Amino acid sequence: YMLSISGSGTLGFYDFWNAFVLFFSDRNSISLAYINSLVGSLIVIFIYHITKQLYDKKSAKVAAFLTAFWPSMFTWSIQNFKEPISAFLIVVLMWAILKLNIKSSLL
């Protein structure tokens, strides 16, 4: 019975995330697409900062532009898949590790 009410066929983290969002948004299904689109667009900011720290400002602008207008990001966000959230968390983790590495090398 539990498998039949699950969105992905198993009870994974993403199903609980969907339930959490739908509970607070009064079961408004557009809120999931909005959150995915918002998170997908925030990736650009972190990509810019990561690239700027590793290379230069021109490379950071190119990387941010390619990230923002990459066709697969639009496709994943519009179809409400979990990849924008996963990609966002991976990029934030990379940014945090880079910041930690820079701070530890300055000490």
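Values in this document were obtained by computation on a predicted structure and should not be read as measured data.

Some details on the overall build of the protein chain
Item 1. Within the protein chain, the secondary structure is distributed over six helices and zero strands.
Item 2. The buried share of the protein chain, reckoned over its 107 residues, is 27%.
Item 3. Across the protein chain, every contact between residues at least 6 apart in sequence was considered, and the portion connecting residues at least 24 apart equals 55%.
Item 4. Element-wise, carbon and sulfur atoms account for 72% of the exposed surface of the protein chain, whose accessible area totals about 8000 Å².

Remarks on the nonpolar core
Item 1. Judged by nonpolar contacts, Val 39, Ile 43, Phe 46, Ile 47, Ile 50, Ala 63, Ile 85, Phe 88, Val 91 and Leu 98 together constitute the single largest core of ten residues.
Item 2. Tallying contributions element by element places helix 3 (residues 30-54) first for this core, with five residues.
Item 3. Filtering out sequence-adjacent residues up to four positions away, Ala 63 remains in contact with Ile 47 and Thr 51.

A word on the side chain of Thr 51
Item 1. In this fold, Thr 51 is placed in helix 3.
Item 2. The exposure class of Thr 51 is buried, given its relative accessible area of 12%.
Item 3. Ignoring sequence-local partners within four residues, the contact set of Thr 51 consists of Asp 56, Ser 59, Ala 60 and Ala 63.

Some details on helix 4 (residues 57-68)
Given 3.6 residues per turn, any residue in an α-helix points the same way as the ones three and four places further on.
Item 1. Across its twelve residues, helix 4 extends 16 Å between first and last C-alpha, which sits within 8% of the 16 Å expected from 1.5 Å per residue.
Item 2. Buried within helix 4 are the following residues: Ala 60, Ala 63, Ala 64 and Thr 67. For helix 4, the angular spread of the buried residues around the axis is 100 degrees, confining them to a single face. Summarising the geometry of helix 4, the exposed residues directed more than 90 degrees from the buried face are Lys 58 and Lys 61.

Things to note about the confidence of the model for the protein chain
Item 1. A residue-level look at the protein chain finds 70% of positions with pLDDT of 70 or above and a mean pLDDT of 75.
Item 2. Of all helices and strands in the protein chain, the one with the weakest mean pLDDT is helix 1 (residues 2-5) (47), whereas helix 4 scores best (91).

Some words on the packing of aromatic side chains
Item 1. What the rule picks out here adds up to three aromatic pairs.
Item 2. Cluster of aromatic residues (ring-pair linked, three or more members): Phe 46, Phe 88 and Trp 95.

Things to note about the packing of helix 3 against helix 4
Axis angle and axis distance: for two packed helices, these are the angle between their axes and the distance between the axes, and together they describe the pair.
Item 1. Axis separation between helix 3 and helix 4 bottoms out at 8 Å; the angle between their running directions is 155 degrees. Between helix 3 and helix 4, the angle is such that the two are roughly antiparallel. Of the two elements, helix 3 crosses helix 4, and the hand of that crossing is right-handed. Between helix 3 and helix 4, the contacting residues are Ile 43, Val 44, Ile 47, Tyr 48, Thr 51 and Lys 52 on the first element and Lys 57, Ser 59, Ala 60, Lys 61, Ala 63, Ala 64, Thr 67 and Ala 68 on the second.
Item 2. Here the contact of helix 3 with helix 4 is built from residues that sort into eight nonpolar, three polar and three charged.

Each value, and the rule that gives it
Residue numbering note: each chain is counted from 1, following its sequence as written. Reporting of local features is limited, given that this is a predicted model, to residues whose pLDDT is at least 70; pairs of side-chain atoms are given and counted only at 80 or more, and all residues count toward the totals for whole chains, interfaces and linings. Hydrogens and water are ignored here; the side-chain numbers use all heavy atoms of the structure. The numbering of helices and of strands both runs from the N terminus, where a helix is a DSSP run of H or I of at least 4 residues and a strand a run of E of at least 2. Only protein chains enter the accessibility calculation, which uses a 1.4 Å probe; a residue is then buried when its area is under 20% of its type maximum, exposed when over 50%, and partly exposed in between. By definition in these notes, contact holds between two residues if any of their heavy atoms fall within 4.5 Å. Under the convention used here, a 1.4 Å probe and the Shrake-Rupley method define accessible areas, while residue burial counts only the protein chains that appear. Remark: nonpolar core denotes a set of buried residues (Ala, Val, Leu, Ile, Met, Phe, Trp, Tyr, Cys) joined through side-chain atoms within 4.5 Å. Multiply 1.5 Å by the residue count of a helix minus one, and that product is the helix's expected span. What the arc describes is the spread of directions from the helix axis to the C-beta atoms. One confidence number per residue, pLDDT, is output by the predictor and ranges from 0 to 100. Each pair of aromatic rings taken from Phe, Tyr and Trp, with Trp reduced to its six-membered ring, is defined by centres within 6.5 Å and is described as stacked if the planes are under 30 degrees apart, edge-to-face if over 60, and tilted in the remaining cases. Convention adopted: a line fitted to C-alpha atoms gives each axis, helices being fitted over their contacting stretch, and angles between N-to-C directions are expressed from 0 to 180 degrees. Between 65 and 115 degrees an angle is taken as roughly perpendicular, under 35 as roughly parallel, over 145 as roughly antiparallel, and anywhere else as oblique. Helix crossings are classified by the rotation of the near helix relative to the far one: an anticlockwise turn of less than a right angle makes the crossing left-handed, while a clockwise turn makes it right-handed. In the scheme used here, Gly and all other residues not listed as nonpolar or charged are polar, with Ala, Val, Leu, Ile, Met, Phe, Trp, Tyr, Cys and Pro taken as nonpolar and Asp, Glu, Lys and Arg as charged.

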